[in-house]
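# Coordinate inspection notes
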Amino acid sequence: MNIILLGPPGAGKGTQASRLEQQRGMVQLSTGDMLRAALKAGTPVGVKAKAVMEAGELVSDAIVSALIGERLDGLDGAGAIFDGYPRTAAQAEALDVLLAERGRTLDHVIELAVDEDALVERITGRFTCAKCGEGYHDRFKQTAVAGVCDVCGSTEFKRRPDDNEETVRTRMAEYRAKTAPILPLYEARGIVARVDGMADIDAVTQQIAAILDRANAPAA
Ligand code: AP5
Ligand code: MG
Ligand code: ZN
């Protein structure tokens, strides 16, 4: 099964993708994570993307589609969870080709419907473990022991440079202008399911599970 998690910045794409990885053995393909890794490693792609990401604008379609193609080749049989990709009509077209070339189909586009006003708070409160990458939030997902990662015990955390209010507003505008318009394309194929992304994290996970399991159930 291959699915897209679609939603604006802070909608919970990364949070839910990492749960699907743990619970279902699917693989999260986050172009944001790939670009941040490239940036950290100082590759040509990372160098090119840095200023664009810091401004909250979109990196070129060719760069991100190439990253996705490379990662799809390493998946073997595992299902893919596209997180933060596709983000433009050109990327949606590229994804169709990338999947077809590999004999994969796109089974679901799960739209995380959220109230934009809440997103700034979600994003400015976000932090992750510097060692294992587990995601947290100042209010919505605190560590069990203050200052210690629940998963690996590390005491070092980090915040994304693009997680400030001004950049978030640009990221949201980019979403509205370039990403939301690709939804009708998938609606026409009958593969879009909408979940309430304002529910708490566990409830969102349950809504997604219901969609994937319902779809998997043998026809009566
Ligand atoms: P990317 O990394 O994809 O960022 P984004 O789309 O802005 O999305 P976020 O990662 O901010 O949000 P999320 O939905 O994953 O939320 P999360 O689960 O963390 O992209 C970054 C940049 O890279 C882009 O701006 C662009 O420059 C570039 N880029 C990436 N892909 C590209 C592409 N395809 N084309 C061109 N450029 C590209 O949740 C947020 C917080 O809220 C967390 O702290 C979490 O704990 C909390 N939270 C989650 N769910 C809930 C809930 N239900 N209730 C309460 N709190 C919650
Ligand atoms: Mg994310
Ligand atoms: Zn950790």
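The preceding data block contains the structure.
Reference entry: report on the structure contained in this document. (Residues numbered from 1 in each chain as written. Chains lettered and ligands numbered in written order. Predicted model: local features only at pLDDT ≥ 70, side-chain atom pairs only at ≥ 80, totals over all residues. Heavy atoms only, no water.)

## Examining the sheet that holds strand β5 (residues 126–129)
Neighbouring strands of a sheet are bound in pairs by backbone hydrogen bonds; such pairs are parallel or else antiparallel. The condition that has to hold: For two strands to count as paired, DSSP must find a minimum of two bridges between them. Put simply, DSSP H or I for four residues or longer makes a helix, DSSP E for two residues or longer makes a strand, and each gets a number counted from the N terminus.
Pairing is antiparallel in the open sheet, where three strands are placed in the order β6-β5-β7. With one partner strand each, in any of the chains shown, β6 (135–137) and β7 (157–158) form the two edges of the open sheet. As paired strands, β5 and β6 are joined by three bridges and run antiparallel to one another. Looking across to β6, one finds that phenylalanine 127 is bridged to tyrosine 136.

## Considering the coordination of the zinc ion (ligand 3)
Applied cut-off: The donor set comprises N, O and S atoms within 2.8 Å of the metal, extended to 3.2 Å for Na, K and Ca; water molecules are omitted, so apparent gaps in a site may simply reflect that omission. Irregular is the label for any site that misses the other tests, which are tetrahedral for four donors with all angles between 85 and 135 degrees, and square planar for four donors or octahedral for six when opposite donors exceed 155 degrees and the remaining angles lie between 65 and 115. Only protein chains enter the accessibility calculation, which uses a 1.4 Å probe; a residue is then buried when its area is under 20% of its type maximum, exposed when over 50%, and partly exposed in between.
Taken together, the protein ligands of the zinc ion (ligand 3) are Cys129 (SG), Cys132 (SG), Cys149 (SG) and Cys152 (SG), with distances of 2.3 to 2.4 Å. The coordination sphere of the zinc ion (ligand 3) comprises four donor atoms, whose angles at the metal cover 101 to 114°; the geometry is tetrahedral. We classify cysteine 132 as partly exposed; its relative accessible area is 35%.

## Concerning helix α1 (residues 13–24)
As a reminder, the rule being used: Helix span is expected to be 1.5 Å times the residue number reduced by one. Here the arc refers to the set of directions running from the helix axis out to each C-beta atom.
If you check α1, its first and last C-alpha atoms are 16 Å apart, about what 12 residues at 1.5 Å a residue would give, namely 16 Å. The set of residues buried in α1 consists of Lys13, Gln16, Ala17 and Leu20. The arc enclosing the buried residues of α1, seen along the axis, measures out at 105°, which places them on a common side. The first or second residue beyond α1 is glycine 25, which carries a positive phi of 65°.

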